Amino acid sequence: MQTQKGAAAHAAPTHLAVQGLSKTFGDHRALASIDLTVARGELVTLLGPSGCGKTTLLRCIAGFIAQDAGHIRIDGRSLDGSPPHKRNFGMVFQGYAVFPHLTVAENVAYGLRARGVAAGQRAERVARALDRVQLSHLAQRFPDALSGGQKQRVGIARALVIEPDLLLMDEPLSNLDAKLRVEMRQEIRLMQRELGITTLYVTHDQDEAMSISDRVAVMQGGVIQQIAPPEVVFDDPANAFVADFIGGCNWIEAEVAGDPAVLHIAGEAALPLPPAAGVRGPVRAGIRAEDLGLAAPDAPGLAARVLVRSFLGPRTRLRVETPGGLRLDVDLPSADCPREGDALRLAPLPGRIRLYARDDGRRLA
Amino acid sequence: MMGLAGTLNLRRALADPWILLAGAALLFLLVFVALPLAELVRQAFIGQKSGAFGIENFVSFFGSGFFRRALKNSLVSATLATMIALVIGLPLAFVFARFDFPGKPWIEVAILLSMLSPPFVGAYAWIILFGRSGFVTLAARDAGIGLPTIYGPTGIALASAFSLFPLVFLVVRGAFLRVDRGLEEAAASLGRPPARVVWNVTLPLVMPAIVTAALLVFLGAISDFGTPAILGEGDRYPVLATLAYSLYISEIGSEPGMAATTCVILVLIAFALVLGARFLSMRRKVANDSAPNRSPDPLPRGRARAMTVAVSAFVTVTNLPLFVVLISSVLQVRGVVFQPVLTFDNYARAWATIGSALTNSLMFAGLALVATVILGTALGYYVTRRAGPLARAIDLLVMIPYVVPGTVIGIGYAQVFNGPPLFLTGTAAIIGIVYLVRRLPYMTRAAASAVFQIDATLEDASQNLGMPPARGFAGIMVPLMRPAILAGAAIAWVEILNELSASVVLYTGATRTLPIAAYQQSLGGDVGIAAAYAAMLVGITVAALILFALAGGLRNGGPPTTA
């Protein structure tokens, strides 16, 4: 299983442990018996479409939502029934949640005040925290004079200054523009590494998740579909949902038969499968756009015609259609790329066809 | 598993101080809002003569010419008042929404002043001017002109309209400000002349607000007790509110069953109005949420000044009742006629007879204000931030007195709290509680709309940073809600201080308040003392508003509207 492969990469001891966590709102099952462990210093992302339960899980861990069942432990200590203000977790919010009537410095000092830190030490720690997010020059400003990016830096400084056991980030970058988002996520990753702070990060943006995580937990329907390092989630998806959500996929209803195994697609040429594939019968085959290439003249391939070309820099994405009516996305190098209306023959790169069950999308091969 | 969830929830509930507060508030509202109304309904269905359960009282109500006349009078004077208030309020709303001119904020305060001074003070001013011995009446008689009487529907409607038109101003101005000016520009670009653009485009867009405002004025007019009591001269021109009062209060032949029936009919009319306004505003929702708020057009200097003069003159007329009361309070009185001689005699005599009325007023209103502000803020927060049946029940109960006329609440209290288990009749507590209950809907709404505009994650952030909820509420929510709380408190203070229609049913000699004293004197008492009392009320009102304007501005205030 991918889960074990991912966890094995981290020798550090378990810091956060979520076990059998369930939550239902009315008749909507938001979390269905979630198990999750995060090692000390690890950054784990909860990634999924809206309504997948990722924010509910984060808010349960923060203590804002009481779970119906299950346990949350930090360093083996149970948090059941502990109110949010006693958990010592720092949280960064999507809408910044910066207190508008307090200055930047007062915002950052807020959590220290709550902990009764003496004034002198407080000022020192606030100054250090503001320095870390490069906001020292704005310490006396009120939030309405700050940009979105600056407000989120205040949010981050405020969450870090309390030296939390766990940092929770709820889509912290989704209100920022694209360029700032990329910049900030690198900063966040750097800061997280330096401080070695265990972090749980919620996002719906797969690029963001891929770029900053030690491990990604892909969620859907209140269930963690797969939890693994980004490369594993991408290259070795556990099921059709993960494959489709991460990177996208061409989906083909097909039949596996014969020995050696061959993928039969109704109305199209048959494609050879790797010899190890032990699956037979109806399947959903998933092939990523970048895993399709032009077939060699004498090799088996799918005949198709180019419908639309989208130039993406070094690569160009083609939408093609086979004579049987199958529509596929193909990424080809932009140099010498076929034009709209051109005929071509496509073949999957060796070993890049993944097979999933038609009923529940589980990975077959 | 269920057991675990149960303990978790129970522990959380006990740890959450809001649950306890909400529970206490619910109990309070059940006793002081639901119970008195339920009792009135029960009594309305118990025959006044037969004592049997049924609709006997309603049959006698509609069978009696006198009762039918009161119903008709209520509807006629309220309709008339609504029309006059629209005529005054609509142009002001338009001008304030669309143009900038010098002195605007002060003129706005003056407009709100007409609303916040007690309605019966206005009524009394009309009598000083146009009553049987009024300045204008006597002057006209000397010139050989006979004026129509101010007693009756015209006077009641005028006095009500002059104190209620600010509602039209506030509600409709807001709507004018929200109109997408792009729509007007589109109409103009399609070749419509400006006047027709306003008529064909702008007016339909603000129509829902106009309807809402009209219904609010109608509700205010039909609920008022003081104005018709003074200008209708009791049973000579009865309306439902004064009828209910006299049916209940009359020492010989008190008819509590018929009083209750009248109350129930009045409440039914009021609820029908509010539901009607809700229905209309939902059905005719004009979709222009995306409209950018554009600031008013600047006018050329000459025209801006001309507008200031015109608007000030207009508002001076609407505030005339206040000036009349203030001036006549320092005029000498001979018999029932004011003389053009300046004197402080009226105040001397007023002071001699005031007894505990002033201290009562300040004390009851002060205590009720503190309770209203604290409870209203807490409940406004609770109903906005907490979902669930408890929050919904509180929200509903707290808003009921917004619709139910004060006289009805007063009669309900007098019926329910005149014996064990809660014997409150004649106490200061019952006056304070009725003040609180009548003002709570406004304070709660003001607080709720403030809370609604505050990002909910601020409190999450506060808790997450380790602040216990109560300290977080004080440190985050209270400062952010402060402008709304201040505005609500200022208006609550003025309204509580001037409360008459419920307290007039409930007071005794020991708990007489200043509005009650002024009301008694203006009903055939000493006209000089009446003027002095009324002037004192106006003075305290103005002082409070000025203090408030200095403290933070009225901009954040204004009455909330349920419709």
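If you're wondering where the values come from, they're calculated on a predicted model, not measured in any experiment.

Quick notes on the rules
- Residues numbered from 1 in each chain as written.
- Chains lettered and ligands numbered in written order.
- Predicted model: local features only at pLDDT ≥ 70, side-chain atom pairs only at ≥ 80, totals over all residues.
- Heavy atoms only, no water.
- Helix = DSSP H or I, 4+ residues; strand = E, 2+ residues; numbered from the N terminus.
- Rg over C-alpha atoms; globule rule 2.2 N^0.38 Å.
- Buried < 20%, exposed > 50% of the residue type's maximum accessible area, 1.4 Å probe, protein only.
- Contact = heavy atoms within 4.5 Å.
- Lys, Arg positive; Asp, Glu negative; His and termini not counted.
- Charge placed at Lys NZ, Arg CZ, Asp CG, Glu CD.
- Buried area = accessible area lost by both parts, 1.4 Å probe.
- Salt bridge = Lys/Arg side-chain N within 4 Å of Asp/Glu carboxyl O.
- Phe/Tyr/Trp six-rings, centres within 6.5 Å; stacked < 30°, edge-to-face > 60°.
- Lys NZ or Arg CZ within 6 Å of the ring centre and 35° of its normal.
- Pairing = 2+ DSSP bridges.
- pLDDT = per-residue confidence, 0-100.
- Patch = residues over 30% accessible without salt bridge, like charges linked within 9 Å, V, L, I, M, F, W, Y side chains within 5 Å.
- Areas by Shrake-Rupley, 256 points an atom, 1.4 Å probe, with all protein chains shown as cover.
- Domains from an automatic or database assignment.
- Core = buried A, V, L, I, M, F, W, Y, C linked by side-chain atoms within 4.5 Å.
- Axes fitted to C-alpha atoms, helices over the stretch in contact; angles between N-to-C directions.
- Disulfide = S-S within 2.5 Å.

Asker: In this structure, what is going on with the overall build of chain B? I would like to understand it.
Answerer: Looking only at helices and strands, chain B has 25 helices and six strands in total. Against the globule reference of 24 Å for 563 residues, chain B gives a C-alpha radius of gyration of 25 Å, in line with a compact fold. With respect to the principal axes defined by its C-alpha atoms, chain B has extents near 90 × 70 × 50 Å. Sorting the 563 residues of chain B into buried and exposed places 54% on the buried side. Counting only contacts in chain B whose residues sit at least 6 apart along the sequence, the fraction spanning at least 24 positions is 78%. Looking at chain B, you have 37 positive and 24 negative side-chain charges, and the mean spots of the two groups are 5 Å apart.

Asker: Would you explain the interface of chain A and chain B in this entry?
Answerer: How big an interface is tends to be reported as the loss of accessible area on association of its parts. The interface of chain A with chain B comprises 32 residues on the first partner and 26 residues on the second. Here chain A and chain B share an interface that buries about 2300 Å² over both sides, 62% of which is from carbon and sulfur atoms. When residues of chain A are sorted by the area they lose upon contact with chain B, H85, H101 and Y110 of chain A head the list and together hold 26% of the total. Taken together, the links from chain A to chain B amount to one salt bridge. Linking D460 of chain B and R59 of chain A is a salt bridge whose minimum nitrogen-to-oxygen distance equals 3.0 Å. Those elements that provide at least two residues to the side of chain A that touches chain B are β4 (69-74), β6 (89-92), α3 (104-114) and α5 (148-161) of chain A.

Asker: Please explain the pattern of salt bridges as it appears in this structure.
Answerer: Opposite charge on two side chains permits pairing when their charged atoms draw close. Considering all chains together, one arrives at 31 salt bridges over all chains under this definition. Between D360 of chain A and R362 of chain A there is a salt bridge, with the nearest N and O atoms lying 2.9 Å from each other. The class for R362 of chain A is partly exposed, based on a relative accessible area of 41%. In this structure, R42 of chain B engages E39 of chain B in a salt bridge whose closest nitrogen and oxygen atoms are separated by 3.1 Å. Here R42 of chain B and its partner E39 of chain B are both found in helix α2 (residues 17-44), three residues apart, which amounts to about one turn of the helix. For E39 of chain B, a relative accessible area of 17% gives the class buried. Each member of the salt-bridge network shares a partner with another, and the members are R189, R193 and D214 of chain A.

Asker: Honestly, the packing of aromatic side chains in this entry has me stumped. Any pointers?
Answerer: Two measures describe an aromatic ring pair: the distance that separates the ring centres and the angle between the ring planes. Applying the stated criterion across every chain, the model contains 26 aromatic pairs over all chains. Plain terms: the ring middles of F241 of chain A and F245 of chain A are 5.6 Å apart, the flat faces sit at 15 degrees to each other, and that makes the pair stacked. Here F241 of chain A and its partner F245 of chain A are both found in helix α9 (residues 240-245), four residues apart, which amounts to about one turn of the helix. The rings of F28, F32, Y413 and F417 of chain B are connected pair by pair, giving a single aromatic cluster. The ring of F99 of chain A has R158 of chain A sitting right over it, with the charged end atom 4.7 Å from the ring centre. For R439 of chain B, the ring lying beneath its charged end belongs to Y442 of chain B, and the centroid distance is 3.8 Å.

Asker: Would you mind going over unusual backbone geometry with me for this structure?
Answerer: What is expected of a backbone is that most residues other than glycine have negative phi and most peptide bonds are trans. Positive phi outside glycine occurs at D75 of chain A, with the angle close to 50 degrees. Its place among the elements puts D75 of chain A in the loop between β4 and β5 (77-78).

Asker: Looking at this structure, how should I read the sheet that holds strand β12 (residues 262-264) of chain A?
Answerer: To summarise the sheet geometry, strands pair through backbone hydrogen bonds and adopt either a parallel or an antiparallel arrangement. Residues and elements named next belong to chain A. Pairing within the open sheet is antiparallel, and its five strands lie in the order β13-β12-β11-β14-β20. Edge positions in the sheet fall to β13 (271-272) and β20 (354-356), since each has one partner strand and no second. Sheet topology places strand β14 (residues 281-287) next to β20; three bridges connect them, and they run antiparallel. In the strand pairing of β20, A285 is matched with L355.

Asker: So what exactly am I meant to see when it comes to the confidence of the model for chain A here?
Answerer: If pLDDT is low for a region, its predicted coordinates should not be looked at in detail. Residue and element names in this part refer to chain A. On average, residues of chain A carry a pLDDT of 91, and 96% of them reach 70 or more. Within chain A, strand β3 (residues 43-47) carries the highest mean pLDDT (97), whereas helix α1 (residues 2-8) carries the lowest (43). Note on residues 1-10: pLDDT under 50 across the span, and 16 contacts to partners over four residues away in sequence or across chains.

Asker: How should a nonpolar patch on the surface be read in this particular structure?
Answerer: A surface patch of nonpolar side chains, amounting to about 310 Å² of accessible area, comprises F135, V136, I145 and L147 of chain B. As for its position among the elements, V136 of chain B is in helix α7 (residues 135-142).

Asker: How should I be thinking about the domain arrangement of chain A in this particular structure?
Answerer: Residues and elements named next belong to chain A. You can read the domains of chain A as domain 1 (2-244) and domain 2 (249-356). On a C-alpha basis, the centres of domain 1 and domain 2 stand 39 Å from each other. Contacts between domain 1 and domain 2 engage seven residues on the former and eight residues on the latter. A combined buried area of about 690 Å² lies between domain 1 and domain 2, and 44% of that area is made up of carbon and sulfur atoms. When residues of domain 1 are sorted by the area they lose upon contact with domain 2, F234, A240 and A243 head the list and together hold 55% of the total. Counting every contact that joins domain 1 to domain 2 gives one salt bridge.

Asker: Whenever I open this one, the nonpolar core confuses me. Can you help?
Answerer: One finds L36, L57, I61 and L200 of chain A together with Y413 of chain B to be the most contacted residues of the largest nonpolar core, which totals 268 residues. Discounting chain neighbours no more than four positions away, the residues touching Y413 of chain B are F32, P36, N418, I430, I433, V434, V437 and L506 of chain B. Of all hydrophobic cores here, the second largest spans 27 residues; its members include A254, L263, V306 and L332 of chain A.

Asker: I'm lost on the confidence of the model for chain B in this one. Help?
Answerer: Residue and element names in this part refer to chain B. Within chain B, residue pLDDT values average 85, and 91% of them lie at 70 or more. In the predicted structure, residues 1-8 sits below a pLDDT of 50 and forms eight contacts with residues beyond four places in sequence or in another chain. Overall, residues 553-563 carries pLDDT values under 50, and its contacts beyond four positions in sequence, including any with other chains, amount to 28 contacts.

Asker: Mind showing me how you'd approach the sheet that holds strand β16 (residues 302-311) of chain A here?
Answerer: All names here are of chain A. Spatial ordering of the open sheet is given by β15-β19-β16-β17-β18, a layout of five strands whose pairing is antiparallel. Only two strands of the sheet have a single partner each, and these edge strands are β15 (292-294) and β18 (327-333). Strand-to-strand, the axes of this sheet are offset by a mean angle of 50 degrees, without reference to chain direction.

Asker: Mind showing me how you'd approach the state of the cysteines here?
Answerer: Disulfides are covalent bonds that link the sulfur atoms of two cysteine residues. Residue and element names in this part refer to chain A. Under the counting rule described, the total for this entry stands at zero disulfides over all chains. Distance from the sulfur of C60, which forms no disulfide, to the nearest cysteine sulfur (C52) is 13 Å. Its sulfur unpaired, C249 is 19 Å from the next cysteine sulfur, which belongs to C52. Exposure remark for C249: the relative accessible area of 18% places this residue in the buried category.

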